[in-house]
Amino acid sequence: MINQHKNMLMTLRRKSANSPRADAVHAPGKRGASASQQRLTVRLHVYWQAHLQALVFSLGRISHNPLSSFMTIAVIAIALAMPSGLHVLLKNFQGVSADWDSAAQISLFLKQESDVGTAKELYDHLMKMAEIDRVTIISKEQALAEFKRLSDFGNALKALDDNPFPTVLLVEPTSQYSAPAAVESLLIRLRNLPDIEVAQLDMEWVERWYALMEIGKRAVVILAILLSLAVLLIIGNTIRLAIQSRRDEIEVQKLIGASDAFIRRPFLYSGFWHGLLGALLAWILVNLSLILLDGPVQRLSVLYDGNLKLQSLNAMASFMLIGAGMVLGYCGARIAVGRHLRDIEPS
Amino acid sequence: MIQFNQVGKRYDGGREGLSQIDLHVNHAEMVFLTGHSGAGKSTLLKLIALIERATYGQIVVNNKNFSRITRRQIPYVRRNIGIIFQNHKLLNDRSIFDNVALPLVIAGYGHVEIQRRVRAALDKVGLLDKEKRFPIMLSGGEQQRVGIARAVVNKPPLLLADEPTGNLDPQLSAEIMNLFEQFNQVGVTVVIASHDIDLISRMGYRILSLSGGRLVGDQPAQKYADDIAS
């Protein structure tokens, strides 16, 4: 453990090499713009060096207590993985339902007395409408034949004198007009056409599905907010404990002239690291879960004759997950640090 | 270097830690502060180190009027004061080198400068060969010397020591005091609180006596009197 620590500090020292202190550049006889500019450069250098030191140092401290750090990071990861995983599942369901959108179909049942001519006229009229992509005529005879083929009532139908089936026009809207609201308005217009007995939209279940998806999306948002709060609290608590266990050290640092920013910095970076590592682990968890789900989904896909491909977190979502981890980590630490560092004063 | 005008410190509950202290310590002077425990030695040092603030009166240290120092400015004032504690206050999870380097890291020095100054400070206190050790591996006297190295590594113009020899045997105490003398000889103002009357009267520096929070004695230096006057 001592060796590990030493290595870390050696890295620190190496990192801070070759950076003269701000006031070390008072070159005599070299006053004015260039000198002050140089001083500014050096000061910036010192600033970044201090941040880099804190960044590496805080990571070193996390690796110092691997078990407890891992447990904290795992809790953060699980909290972040839950909304991310749900988000991915929803995305996948949405991908599936995108195919169903084009399946929105209106069945127009013509009046029993209308003949083939009426159907043909209606067909021409419908095909001129911009909203409609395709119309298929199913004649009485075709309907009867299909019914006979698909059902066991074929023989029973023979007993009937008349063909009981109406002529049906299957109307498929263009993809632009496939959204529930647009199809609904198209349906109303078609219903008012002459010769139409019934106009039926085979989309109610699609609407229900959409409604369910909306609930799902809302649930993801709520879950994400709640679990982000949980991450804030976890990190805040971790940092609070870290501050308490380093009370003596903080006192000593204050006694030898450390500014608040200097003392704060490693704790803030520690929060940042916890958040980042937690998010990375969450990313791995989500992808691992998707790999585990992939087999069953493939089997289901085969059963439904489709080619469902399970999508994983895309670049944007991954970026957002990791970004959220870093921001939550930093903010959680910031809250804890602001509250607890001020209380520690040398006495 | 240090000036107190009618300074007092009252604690919550009304107990008076210090009352009506008038004090002047010159630049490059070496002063002992003595008195029984509870007499106010530590309180006086804490006021100089801005660990506590005076309830009334004016304190000016190193040309800085403490009544105008805000909380945010305290760290920068402390960087010009080296403080040595009876219990060393070293960081046990860091090597001797890193302990001594801390004030320089805090002040934002570069790597090369840190190496140079830490080695110089450790050499001065005779612990150069132990820079890689940890505080716990060192004896009490050695730990105190690390504390001194840390206090002087920044080359502050003022050194404060609160019972620096409290736990040490007479020989080690003399060695530590000798170190302080050496720093004083290169122009550092040194204020040492100690109740070891025998030791400090033998050394012959100015002695301020506190009792019940009041300054009751100011015995001028017995030797080097000419140096201080000049």
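Position numbers for residues count from 1 along each chain, tracking the sequence in the order it is written. Naming scheme: in the order in which they are written, chains are lettered from A and ligands are numbered from 1. Residue-level local features of this predicted model are given only where pLDDT is at least 70; pairs of side-chain atoms are given and counted only at 80 or more, and the full residue set underlies all totals for whole chains, interfaces and linings.

Under the scheme used here, helices are H or I runs from DSSP no shorter than 4 residues and strands are E runs no shorter than 2 residues, and both carry numbers assigned from the N terminus. Helix and strand counts for chain B stand at eight helices and ten strands. Its C-alpha atoms give chain B a radius of gyration of 17 Å, near enough to 17 Å, the size a compact globule of 230 residues would have. Based on the C-alpha atoms only, the size of chain B along its principal axes is roughly 45 × 40 × 40 Å. Taken over 230 residues, chain B has a buried fraction of 47%. Think of it this way: build a C-beta for each residue from its backbone, and any pair within 7 Å is a contact. The contacts in chain B between residues at least 6 apart in sequence include a share of 68% that link residues at least 24 apart. Here the globule rule reads 2.2 Å times residues to the power 0.38, and the radius of gyration is calculated from C-alpha atoms. With C-beta atoms placed from the backbone, a residue counts as buried when 20 or more other C-beta atoms lie within 10 Å of its own, as exposed when 12 or fewer do, and as partly exposed for counts between those limits.

Moving on, we come to the overall build of chain A. Looking only at helices and strands, chain A has eleven helices and four strands in total. Counting all 347 residues of chain A, 26% fall into the buried class. Within chain A, residue pairs in contact and separated by at least 24 positions form 84% of the contacts whose partners lie at least 6 positions apart.

Further remarks concern the sheet that holds strand E6 (residues 81-84) of chain B. Across a sheet, strands are paired by hydrogen bonds formed along the backbone, either parallel or antiparallel in direction. Residue and element names in this part refer to chain B. Strands sit in the order E6-E7-E8-E3-E9-E10 across an open sheet of six strands; the sheet is mixed. Every interior strand has two partners, whereas the edge strands, E6 and strand E10 (214-219), have only one. The average undirected angle you get between the axes of adjacent strands in this sheet is 20°. Only when DSSP finds a minimum of two bridges between them are two strands counted as paired. Where E6 and strand E7 (residues 158-162) come together, four bridges link them in parallel fashion. Counterpart to Gly-82 in the pairing with E7 is Leu-159. Under this scheme, a helix contributes an axis fitted over its contacting stretch, all axes are lines through C-alpha atoms, and angles between N-to-C directions fall in the 0 to 180 degree range.

Residues and elements named next belong to chain B. Its identity is not glycine, yet Ala-28 carries a phi of approximately 65°, on the positive side. Looking at where Ala-28 falls in the secondary structure, it is placed in the loop between strand E2 (16-25) and strand E3 (30-34). Positive phi is not limited to glycine here, since Asn-62 has a value of about 55°. By the element assignment, Asn-62 lies in the loop between strand E4 (56-61) and strand E5 (64-65).

Bringing helix H4 (residues 111-124) of chain B into the picture now. All names here are of chain B. Compared with the 20 Å implied by 1.5 Å per residue over 14 residues, the 20 Å span of H4 between its first and last C-alpha is a close match. Residues of H4 that are buried: His-111, Ile-114, Arg-117, Val-118, Ala-121 and Leu-122. The arc enclosing the buried residues of H4, seen along the axis, measures out at 135°, which places them on a common side. A positive backbone phi angle near 75° is found at Gly-126, which sits one or two residues after H4. One less than the number of residues in a helix, times 1.5 Å, gives the span that helix is expected to have. Note: the arc covers the axis-to-C-beta directions of the helix.

Turning next to the sheet that holds strand E3 (residues 168-173) of chain A. Residue and element names in this part refer to chain A. Here four strands make up an open sheet; going across it, the order is E2-E3-E1-E4 and the pairing antiparallel. With partners counted over all chains shown, the strands left at the sheet margins are strand E2 (132-138) and strand E4 (196-201), one partner each. Here the average twist between neighbouring strands, direction ignored, is 20°. Lying over the sheet, helix H4 (residues 116-128) contacts strand E1 (106-110), E2 and E3, oriented at roughly 170° with respect to E2.

Turning our eyes to something else, we now look at the confidence of the model for chain B. Residues and elements named next belong to chain B. For every residue, the predictor reports its confidence as pLDDT, a number between 0 and 100. This prediction gives chain B a mean pLDDT of 89; 97% of its residues lie at or above 70. Across residues 224-230, confidence stays below pLDDT 50; counting only partners more than four residues off in sequence or on other chains, it has four contacts. Interface confidence for the predicted complex, expressed as ipTM, amounts to 0.88; the pTM equals 0.72.

In an α-helix there are 3.6 residues to a turn, and that puts residues three or four apart on one side. Taken residue by residue, helix H9 (residues 247-255) of chain A has Ile-250, Val-252, Gln-253, Lys-254 and Leu-255 of chain A as its buried positions. Against the buried residues of H9 of chain A lie helix H10 (260-303) of chain A together with helix H2 (74-78), E6 and helix H3 (96-107) of chain B. Remark: Gly-257 of chain A follows H9 of chain A within two positions and exhibits a positive phi of approximately 90°.

Turning to the packing of H3 of chain B against helix H5 (residues 140-152) of chain B, a few remarks are in order. All names here are of chain B. The contact between H3 and H5 brings their axes to 7 Å, and the two run at 30°. Judged by the inter-axis angle, H3 sits roughly parallel to H5. Here H3 runs over H5; the crossing is right-handed. Between H3 and H5, the residues in contact are Ile-96, Asn-99, Val-100, Leu-102 and Pro-103 and Val-146, Ala-149 and Arg-150, respectively. Looking at the contact of H3 with H5 residue by residue, the class counts come to six nonpolar, one polar and one charged. Reported orientations rely on four angle classes, namely roughly parallel under 35 degrees, roughly antiparallel over 145, roughly perpendicular from 65 to 115, and oblique for the rest. Crossings are classed by handedness, with left-handed meaning an anticlockwise turn of the near helix from the far one by less than a right angle and right-handed meaning a clockwise turn. The residue classification treats Ala, Val, Leu, Ile, Met, Phe, Trp, Tyr, Cys and Pro as nonpolar and Asp, Glu, Lys and Arg as charged. All others, Gly included, are polar.

This part covers the packing of H3 of chain B against H4 of chain B. Residues and elements named next belong to chain B. Look at H3 against H4: their axes get within 9 Å of each other, and the N-to-C directions meet at 125°. Considering their axes alone, H3 and H4 lie oblique with respect to each other. Helix-helix and strand crossings are classified by hand; for H3 and H4 the assignment is right-handed. In contact with Phe-97, Val-100, Ala-101, Leu-104 and Val-105 of H3, H4 contributes Ile-114, Arg-117, Val-118, Ala-121 and Leu-122.

A few words now on the nonpolar core. A set of buried residues qualifies as a nonpolar core if it consists of Ala, Val, Leu, Ile, Met, Phe, Trp, Tyr and Cys joined through C-beta atoms within 7 Å. Among the nonpolar cores identified, the biggest contains 75 residues, and Leu-33, Ile-48, Val-100, Ala-149, Leu-159, Leu-160 and Val-191 of chain B are the most heavily contacted of them. In terms of residue count, H3 of chain B provides more of this core than any other element does, nine residues in total. Residue contacts for Val-100 of chain B: discarding those within four places in its chain leaves Val-118, Ala-121, Leu-122, Val-146, Ala-149, Arg-150 and Val-153 of chain B. Residues Ile-73, Phe-272, Leu-328 and Tyr-330 of chain A belong to the second largest nonpolar core, which totals 37 residues.

All names here are of chain B. Here strand E1 (residues 2-10) pairs with E4 via five bridges, running antiparallel. Counted as the bridge partner of Phe-4 is Ile-59 from E4. Hairpin connection between E1 and E2: a loop of five residues separates the two successive antiparallel strands, and Gly-13 in this loop has a positive phi of roughly 100°.

This brings us to the environment of Lys-217 of chain A. Turning to its location among the elements, Lys-217 of chain A is positioned in helix H8 (residues 204-245). The spatial distance from the C-alpha of Lys-217 of chain A to the C-alpha of Glu-131 of chain A is 30 Å, given a sequence separation of 86 residues.

Mean pLDDT over chain A: 80, with 85% of residues reaching 70 or higher. Within the model, the stretch residues 1-31 of chain A combines pLDDT values under 50 with 44 contacts to residues more than four positions away or in other chains.

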